[in-house]
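If you want the building blocks of each chain, they are given just below.
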Amino acid sequence: MSLLSVNEARERILSQLHPVTTEALPLAECANRVLAQGIAAANDLPLFDNSSMDGFAVRAADVVNAAATSPRSLRVVADIPAGSHPTVSLAQGEAARIMTGAQLPEGADAVVPVEDTDFDNRDAGTPAPNEVQIFKPAKPAANTRARGMDIRAGEVVLHKGRVLKPQDLGLLAMLGIARVIVFQKPRIALFSSGDELLEVDAPLESGKIRDSNSYMLASLIEGAGAYVLRLRVAKDSHASVKASLEKAVELRADLILSSAGVSVGAFDFVKEVIESNGRMDFWRVNMRPGKPLAFGEYKNIPFVGLPGNPVSAFIGFEVFGRAAIGRLGGMGTAVRQSIRVRCEEQIDSDGRESYLRAGVREESGVLIARLTGNQGSGNLHSLVQANALLIIPAGVKCVPAGEEVNAWLL
Ligand code: AMP
Ligand code: MG
């Protein structure tokens with residue numbers, strides 16, 4: 001077993017994974033999906049010159065000297081609600097009542113808000129006046145939005161690999177894109193293994209524990225943007241592990257993720273079964289928590305074997321599983337962003353890249369971190385109490401109180 005840094009191990013995994021195929025989806029189904037195409041604007045935005053206020057469209061030159069004490073009186077020649085196509089062209093001394101978002105009429109180059117006129121009546125259904133007194137000048141372009149000021153036709157506005165956010169969907173709609181080419185969601189087959197594992201609702205038996213990893217990992221997988229294909233818990237036997245792996249093949253999984261059974265114990269059959277129909281590497285990754293990480297493939301489906309201890313499984317997923325799903329799912333960036341936090345107390349480490357459970361809180365604009373309870377890899381409670389993982393780099397044995405480290409918020 002070679003000793004790899006976390007980055008090397010992750011890069012080795014990523015280098016062997018390829019994005020899944022794409023599909024065209026209706027825009028309404030694209031939230032959180034990954035764009036498989038760059039999006040260039042087919043039209044300008046805004047689509048046309050329009051008003052950003054309720055008021056009166058004017059020729060700025062007509063109102064240069066307008067003041068409350070000497071209002072400028074204009075003839076109102078049109079009423080332009082949002083959505084209408086103005087047919088008038090303003091001549092000198094003329095105005096049109098106009099609503100927010102409505103298209104500017106020909107000849108108008110500014111909008112005077114209603115509150116700067118004698119017609120400050122915004123009750124629904126109020127007809128436009130025949131004449132309006134303007135109390136303030138308006139510079140050319142004031143309170144208007146020019147066609148193309150936000151986006152020019154042809155401009156690339158979203159890039160391939162982008163996870164679509166709500167605001168992206170809004171922009172796609174503005175651009176008239178009703179169907180979007182996205183990556184399919186990767187299909188992740190998930191199974192736990194171990195003779196000690198009971199279903200969550202089974203009566204307890206001496207020496208047995210409940211399978212917690214499959215619930216935690218299924219939720220992590222979904223949150224990372226993939227489908228979970230939940231398989232039954234595999235027993236510590238060749239036949240049972242093989243049945244799980246065969247099921248993953250039958251379900252056309254893009255990745256098989258398992259927890260436990262990949263140590264070097266006498267009952268760890270996963271390696272043997274995988275190698276009977278594929279290949280498997282065991283890596284000793286220079287991290288904590290984290291036993292050896294298993295990576296390989298079974299009948300050409302990539303396989304990641306996470307440790308069995310619940311916290312190790314969680315962190316293994318965050319460090320390797322999430323990146324793998326990102327790559328399979330076509331995401332532009334596979335590795336999570338970290339933030340900087342200040343350690344409230346001294347933290348001792350053993351020189352491995354360590355992922356420690358911590359509570360991070362803000363005090364006077366500073367993010368302060370404090371470890372939550374016992375950091376044993378079986379103690380899920382301290383992970384539940386944490387809202388962050390502190391990342392102590394390899395080679396560091398002590399972080400003095402007051403120093404900053406990187407953290408992932410959970
Ligand atoms: P193993 O990798 O099989 O040696 O398992 C390491 C530790 O993780 C043992 O204490 C197991 O009981 C525990 N463990 C394994 N799988 C699960 C699971 N699905 N849920 C909770 N604990 C587990
Ligand atoms: Mg086991």
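Here goes a summary of the coordinates provided.

## Regarding the packing of helix α3 (residues 213–223) against helix α6 (residues 310–328)
For step 1, the next point in the chain: Their axes nearest at 10 Å, the elements α3 and α6 cross at an angle of 25°. With respect to each other, α3 and α6 are oriented roughly parallel. The hand of the α3/α6 crossing is right-handed. Of α6, the residues touching α3 (which contributes Asn 213, Met 216, Leu 217, Leu 220, Ile 221 and Gly 223) are Pro 310, Ala 313, Phe 314, Phe 317, Glu 318, Arg 322 and Ile 325.
For step 2, the next point in the chain: Grouping the constituent residues of the contact of α3 with α6 by class yields 9 nonpolar, 2 polar and 2 charged.

## Description of the packing of aromatic side chains
Each aromatic ring pair is described using two quantities: the centre-to-centre distance and the angle formed by the ring planes.
For step 1, the next point in the chain: A complete count under the given rule lists 3 aromatic pairs for this structure.
For step 2, the next point in the chain: Between Phe 56 and Phe 119, the ring centres sit 6.1 Å apart and the planes meet at 80°, which makes this aromatic pair edge-to-face. Here the residue Phe 56 occupies a position in strand β5 (residues 55–58), and Phe 119 occupies one in the loop between β8 (110–113) and β9 (131–134), the gap between them amounting to 63 residues. Accessibility assignment for this pair places Phe 56 and Phe 119 in one class, buried.
For step 3, the next point in the chain: With centroids separated by 5.6 Å and ring planes inclined at 40°, the aromatic side chains of Trp 283 and Phe 295 adopt a geometry described as tilted. Linking Trp 283 in strand β18 (residues 278–285) with Phe 295 in strand β20 (residues 293–298), this pair joins segments that are 12 residues apart in sequence.
For step 4, the next point in the chain: The class of Trp 283 is buried, set by a relative accessible area of 2%.
For step 5, the next point in the chain: Geometry around Tyr 215 places Arg 230 over its ring, the cationic atom sitting 4.3 Å from the centre.

## Here's the deal with the sheet that holds strand β6 (residues 72–80)
For step 1, the next point in the chain: Read across the open sheet, the 5 strands follow the order β8-β5-β7-β6-β9; overall the sheet is mixed. Edge positions in the sheet fall to β8 and β9, since each has one partner strand and no second. This sheet shows a mean twist of 40° between the axes of neighbouring strands, independent of strand direction.
For step 2, the next point in the chain: Where β6 meets β9, 4 bridges bridge the pair, whose relative direction is antiparallel. Pairing of Leu 74 across the sheet is with Val 132, part of β9.

## Observations concerning unusual backbone geometry
For step 1, the next point in the chain: Pro 46 follows Leu 45 through a cis peptide bond whose omega is -10°.
For step 2, the next point in the chain: Tracing the backbone shows Pro 46 in the loop between β3 (39–40) and β4 (50–51).
For step 3, the next point in the chain: Going from Arg 288 to Pro 289, the amide bond is cis rather than trans, its omega being -10°.
For step 4, the next point in the chain: One can find Pro 289 in the loop between β19 (287–288) and β20.
For step 5, the next point in the chain: If you check the backbone angles, Asn 32 has positive phi at about 65° while not being a glycine.
For step 6, the next point in the chain: Here Asn 32 is to be found in the loop between β2 (22–26) and β3.
For step 7, the next point in the chain: The exposure class assigned to Asn 32 is exposed, which follows from its relative accessible area of 56%.

## Digging into the site of ligand 1
For step 1, the next point in the chain: Taken together, 16 residues lie around ligand 1, and Glu 196, Asp 211, Ser 212, Gly 308 and Asn 309 are the ones closest in.
For step 2, the next point in the chain: Take Gly 308: an N or O atom from its main chain is 3.2 Å from an oxygen atom of ligand 1.
For step 3, the next point in the chain: Relative to its free-state accessible area of 490 Å², ligand 1 is covered by the protein chains to the extent of 79%.
For step 4, the next point in the chain: Of the residues belonging to the shell around ligand 1, the class tally is 4 nonpolar, 8 polar and 4 charged.

## Points about helix α4 (residues 238–250)
For step 1, the next point in the chain: Across its 13 residues, α4 extends 18 Å between first and last C-alpha, which sits within 8% of the 18 Å expected from 1.5 Å per residue.
For step 2, the next point in the chain: Turning to α4, its buried residues number three or more, namely Ser 240, Val 241, Ser 244, Leu 245 and Ala 248. With its buried residues spanning 135° around the axis, α4 presents them on a single face. Opposite the buried face of α4, at more than 90 degrees from it, the exposed residues are Ala 239 and Glu 250.
For step 3, the next point in the chain: On its buried side, α4 packs onto β13 (187–192), β17 (255–259), α5 (270–276), β20 and β21 (301–306).
For step 4, the next point in the chain: Positioned one or two residues after α4, Arg 252 has a phi angle of 55°, which is positive.

Rules of the game
- Residues numbered from 1 in each chain as written.
- Chains lettered and ligands numbered in written order.
- Predicted model: local features only at pLDDT ≥ 70, side-chain atom pairs only at ≥ 80, totals over all residues.
- Heavy atoms only, no water.
- Axes fitted to C-alpha atoms, helices over the stretch in contact; angles between N-to-C directions.
- Helix = DSSP H or I, 4+ residues; strand = E, 2+ residues; numbered from the N terminus.
- Parallel < 35°, antiparallel > 145°, perpendicular 65-115°, else oblique.
- Left-handed = near helix turned anticlockwise from the far one by under 90°.
- Contact = heavy atoms within 4.5 Å.
- Nonpolar A, V, L, I, M, F, W, Y, C, P; charged D, E, K, R; others polar.
- Phe/Tyr/Trp six-rings, centres within 6.5 Å; stacked < 30°, edge-to-face > 60°.
- Buried < 20%, exposed > 50% of the residue type's maximum accessible area, 1.4 Å probe, protein only.
- Lys NZ or Arg CZ within 6 Å of the ring centre and 35° of its normal.
- Pairing = 2+ DSSP bridges.
- Near = heavy atom within 4 Å.
- Polar contact = N/O pair within 3.5 Å; in protein donor to acceptor, adjacent residues only side chain to side chain.
- Areas by Shrake-Rupley, 256 points an atom, 1.4 Å probe, with all protein chains shown as cover.
- Expected span 1.5 Å × (residues − 1).
- Arc of directions from axis to C-beta.

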